[in-house]
Amino acid sequence: MTIRCLTFDLDDTLWWCSPVIARAEARFYAWLEVHYPAIPARYSTGGLLEHRKAFMRERTELLHDLTTLRKHWLRRLAEEGGYDESLVEPGFTVYWEARNEVEVFDEAHALLDALRAEYRLGAVTNGNADVRRIGIDHYFEFVIRSEEIGAAKPHPEIFAAALAAGGVAPGEAVHIGDDPVRDIQGAAQAGLRTIWVNLRDTPWPLEALAPDASVTRLAEVPAVLRDWQAES
Ligand SMILES: [Mg+2]
């Protein structure tokens with residue numbers, strides 16, 4: 001079957017995620033020190049991180065919706081610090097703005113720009129990165145976010161939503177992402193072909209399943225697609 005649609009993971013596929021999150025958490029903490037000092041007086045940066053992780057374990061039903069989860073956590077923090085709910089929205093915004101200050105790989109820009117002439121491109125993400133805020137929305141015809149679908153990768157439902165948005169059958173789509181379980185196993189179970197973005201060049205970790213192709217650089221993706229198109 002001809003490939004007509006490509007879906008991309010965002011975090012750690014088109015940019016490195018962990019330095020961005022670390023910076024966003026640091027900026028949020030600095031903001032608390034100025035505006036809500038009773039909270040940082042009670043928790044160190046590490047202590048606050050542990051507090052948030054514990055909250056996430058408590059509210060696993062919200063793991064597909066990190067925005068709502070974080071706002072609930074902020075409400076909890078406000079209560080504990082003796083503040084009211086006016087902390088929640090600005091506290092989220094401080095984090096969210098910093099969380100979207102990502103450095104898109106040069107190769108990601110080049111790849112998306114080259115591929116969009118030939119394929120319908122979509123983004124499929126479990127996180128709260130915002131492609132418009134980041135300035136890469138012009139590459140994508142659709143963006144599927146777990147918080148809107150109500151299910152996160154690797155759940156087949158989120159890939160089904162991507163196929164519907166792309167107007168294609170599973171065999172006409174390829175999912176491209178870094179996470180062996182969420183991206184590759186999830187997409188494969190939904191019937192899509194898969195390209196594992198293995199930028200750190202690590203061994204494939206899952207015994208039960210292998211990606212249809214692997215790349216250690218995004219620039220290798222077009223050649224993989226060309227080979228598949230030549231076979232079809
Ligand atoms: Mg990722």
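Residues numbered from 1 in each chain as written. Predicted model: local features only at pLDDT ≥ 70, side-chain atom pairs only at ≥ 80, totals over all residues. Heavy atoms only, no water.

Participant: Describe the coordination of the magnesium ion, listing the residues and the values that go with them.
Facilitator: In the first shell of the magnesium ion, the protein supplies Asp9 (OD), Asp11 (O) and Asp178 (OD), at 2.1 Å from the metal. Each donor residue of the magnesium ion lies on the same chain, and together they follow the pattern D-x1-D-x166-D. A residue pair is termed long-range when its members are at least 10 positions apart, and Asp9 in the loop between strand E1 (5–8) and helix H1 (18–35) and Asp178 in the loop between strand E4 (173–177) and helix H10 (180–189) qualify at 169 residues. Both residues of the pair, Asp9 and Asp178, belong to the buried class. (Donors = N, O, S within 2.8 Å, 3.2 Å for Na, K, Ca; no water. Helix = DSSP H or I, 4+ residues; strand = E, 2+ residues; numbered from the N terminus. Buried < 20%, exposed > 50% of the residue type's maximum accessible area, 1.4 Å probe, protein only.)

Participant: Let's hear about the sheet that holds strand E2 (residues 120–125): which residues, and what values?
Facilitator: In spatial order, the strands read E3-E2-E1-E4-E5-E6; together these 6 strands make up an open sheet with parallel pairing. The sheet terminates laterally at strand E3 (142–145) and strand E6 (213–215), the two strands that pair on one side only. Strand after strand, the sheet turns through a mean of 20° between neighbouring axes, direction not considered. On the sheet, H10 packs against E4 and strand E5 (193–197) and is oriented at approximately 165° with respect to E5. (Pairing = 2+ DSSP bridges. Axes fitted to C-alpha atoms, helices over the stretch in contact; angles between N-to-C directions. Contact = heavy atoms within 4.5 Å.)

Participant: Give a description of helix H3 (residues 45–58) that names residues and reports values.
Facilitator: Here H3 spans 20 Å end to end across 14 residues, near enough to the 20 Å set by a 1.5 Å rise per residue. At its buried positions, H3 is contacted by H1, helix H2 (38–42) and helix H4 (66–81). (Expected span 1.5 Å × (residues − 1).)

Participant: Go over the pairing of E5, please, and point to the residues and values.
Facilitator: Where burial is concerned, most of E5 is hidden: 4 out of the 5 residues are buried. Each parallel crossover has a hand, and the one from E4 via H10 to E5 is right-handed. The pairing of E5 with E6 spans 3 bridges and is parallel. Counted as the bridge partner of Trp196 is Ser214 from E6. (Right-handed = clockwise from strand over helix to strand, strands pointing away.)

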